[in-house]
Amino acid sequence: MSTPRSDREVAGQGVVILGSTGSIGVTALDVIARHPARFRIAVLTANKQVDVIFEQCRRFRPRLAVMLDASAAATLAGRLRAAGVDTEVRTGIEELEAAAAHQDAPIVITAIVGAAGLRPTLAAVRAGKRVLLANKEPLVMGGRLLIEAARAAGALLLPLDSEHNAIFQCLPADFTAGEAPRGLRRILLTCSGGPFRRTPAERLTHVTPEQACAHPRWVMGRKISVDSATLMNKGLELIEACRLFGVAPGQIEVVIHPQSVIHSMVEYADGSVLAQLGNPDMRIPIAHALCWPERIESGARPIDLLETARLDFAAPDLERFPCLRLAREAAAAGGTVPAILNAANEVAVAAFLERRIAFTDIPRFIARTLDEVAGGPDQTLEQVLADDARARQVTGELIAAVTARKQHGAL
Ligand code: NAD
Ligand code: MG
């Protein structure tokens, strides 16, 4: 027996946005709003930003909104009821996972920040969705699990990270996630260099969270902005590229390219190098992945190469930015070592944003955590989550010990 479809099910493919209130979530809604006949918002989720998600629900009328935070969910439900919006509101991690597998939506955009996105991303993949991956930390932690689950469930993984989307666009059409593309020799992963590209080493100790979050090319959430400043973002992206494209870390070269016009390149066995270019605007990869292999309008300004005038390239400075070296070593070590690196980084970045540690302490605490926590196999979600938890605990303790000593010394 067929189920009757309500009016709002008729128009467009349903889309779930996990983390709709963040930078990627808001940008994805901007692209989707340009194509009302193609897409319809089925589910929006957020941590606790009630004001933003309330306005999104009023405008896009999703069936369901999930807030991780229970009191935020209660506030949102009350406000939606008062405004006559019939979006159902739920809360908790299980509801977030259920939302990621929602039967009314074949497309899921993962725009949560950090390891918190792993379980919902896995749920979307296991449900066989077209999964647009912005949230890179789950791939770093559990890339093997995600790739294997996608294969088993027939899910389509499409990268939104601008570099990985660029690489994907340069690959042969029959490429499958996790399998080395035919004839590929190297990936040239471009990197803007971040806000401290030219800052001398001795001044890096004193940079503030505000300076670290003022990225020269991209406006992003605070965590990824700090990662871009330490170059850990490029390190996480190197691991992400190994997972998605089935290549060894040694096949990936990081190239500083301050104009951020080339979003990455692929070199083939015959010496050909293919690149994807565009203005630095996340609407381009989002529009690409939403409709791939079709092309749709994204709203991004067309590129003006005469205005750009020149493209510069340089090698990264691993002395000033040791995070990139740590990430490369973690990628080579494999197993849960990338998950340990990622967890230590999340804890250290949070401490820096709270002004408890200096910018240059971030790589130090990550390195010490990697020394103390041994990696293991990454075959199950439990193994990955257990090592993630151990690393968080160790980094937290190391930071607490140092900050306590400093306070003590100051008395
Ligand atoms: P953001 O901080 O602006 O937004 C994060 C979103 O996740 C918000 O909606 C927030 O409510 C939600 N969230 C936070 N913690 C959560 C939790 N514990 N459980 C459930 N939801 C939670 O981040 P962003 O800049 O949009 O980045 C999102 C992801 O996309 C990150 O993994 C980032 O590395 C990646 N990414 C971002 C950009 C960019 O331009 N911003 C580019 C490439 C990749
Ligand atoms: Mg990127």
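Structure's up top.
Engineer: Would you take a moment to explain a nonpolar patch on the surface for this structure?
Structural biologist: A cluster of nonpolar side chains, Leu277, Ile303, Leu305, Leu311 and Phe313, forms an exposed patch at the surface whose accessible area comes to about 410 Å². Structurally, the position occupied by leucine 305 is in helix H14 (residues 305–308).

Engineer: Looking at this structure, I do not really get the coordination of the magnesium ion (ligand 2). What am I missing?
Structural biologist: For a metal bound by four donors in a tetrahedral arrangement, the ideal donor-metal-donor angle is 109.5 degrees, while six donors in an octahedral arrangement ideally sit at 90 or 180 degrees. Only Asp161 (OD), Glu163 (OE) and Glu237 (OE) from the protein coordinate the magnesium ion (ligand 2), and they sit 2.1 to 2.2 Å from it. Counting along the primary sequence, the residues that act as donors to the magnesium ion (ligand 2) give the motif D-x1-E-x73-E. Placement of the pair is glutamate 163 in helix H8 (residues 162–169) and glutamate 237 in helix H12 (residues 232–245), with a sequence separation of 74 residues. Each member of the pair, glutamate 163 as well as glutamate 237, is classed as buried.

Engineer: Can you walk me through the sheet that holds strand E11 (residues 273–277) in this structure?
Structural biologist: Through backbone hydrogen bonds, the strands of a sheet pair up, either in parallel or in antiparallel fashion. The 4 strands lie next to each other as E9-E8-E10-E11, forming an open sheet whose pairing is mixed. On the outer flanks of this sheet lie strand E9 (252–256) and E11, each paired with one strand and no other. Averaged over all pairs of adjacent strands, the angle between their axes in this sheet comes to 20 degrees, without regard to strand direction. Packing of H12 onto the sheet brings it into contact with strand E8 (184–191) and E9, and relative to E8 it is tilted by some 150 degrees.

Conventions we followed
Throughout, a residue's number is its position along its own chain's written sequence, starting from 1. To read the labels, note that chains go from A and ligands from 1, taken in the order they are written. Local features in this predicted model are restricted to residues whose pLDDT is 70 or higher, and side-chain atom pairs enter the listing and the counts only when it is 80 or higher, whereas totals over whole chains, interfaces and linings include all residues. Water and hydrogen atoms play no part in the side-chain values, which are based on all heavy atoms of the structure. Patch building starts from residues that exceed 30% relative accessible area and form no salt bridge, then joins like charges within 9 Å and nonpolar side chains (Val, Leu, Ile, Met, Phe, Trp, Tyr) within 5 Å. The Shrake-Rupley method, run with a 1.4 Å probe, gives the accessible areas here. Residue values count only the displayed protein chains as cover. For this analysis, a salt bridge means a side-chain nitrogen from Lys or Arg found within 4 Å of a carboxyl oxygen belonging to Asp or Glu. The numbering of helices and of strands both runs from the N terminus, where a helix is a DSSP run of H or I of at least 4 residues and a strand a run of E of at least 2. A donor here means an N, O or S atom no more than 2.8 Å from the metal, or no more than 3.2 Å when the metal is Na, K or Ca. Since water is not included, a site may seem to lack partners. Each residue is placed in one exposure class: buried if its accessible area under a 1.4 Å probe, protein chains only, is under 20% of its type's maximum, exposed if it is over 50%, and partly exposed if it falls in between. Strands are labelled as partners when DSSP assigns at least two bridges between them. Fitting a line to C-alpha atoms yields each axis, with helices limited to the stretch in contact; the angle taken between N-to-C directions then spans 0 to 180 degrees. Contacts between residues were defined by any pair of non-hydrogen atoms, one from each residue, lying within 4.5 Å.

Interpretation note: all reported values are geometric properties and have no functional meaning in isolation.
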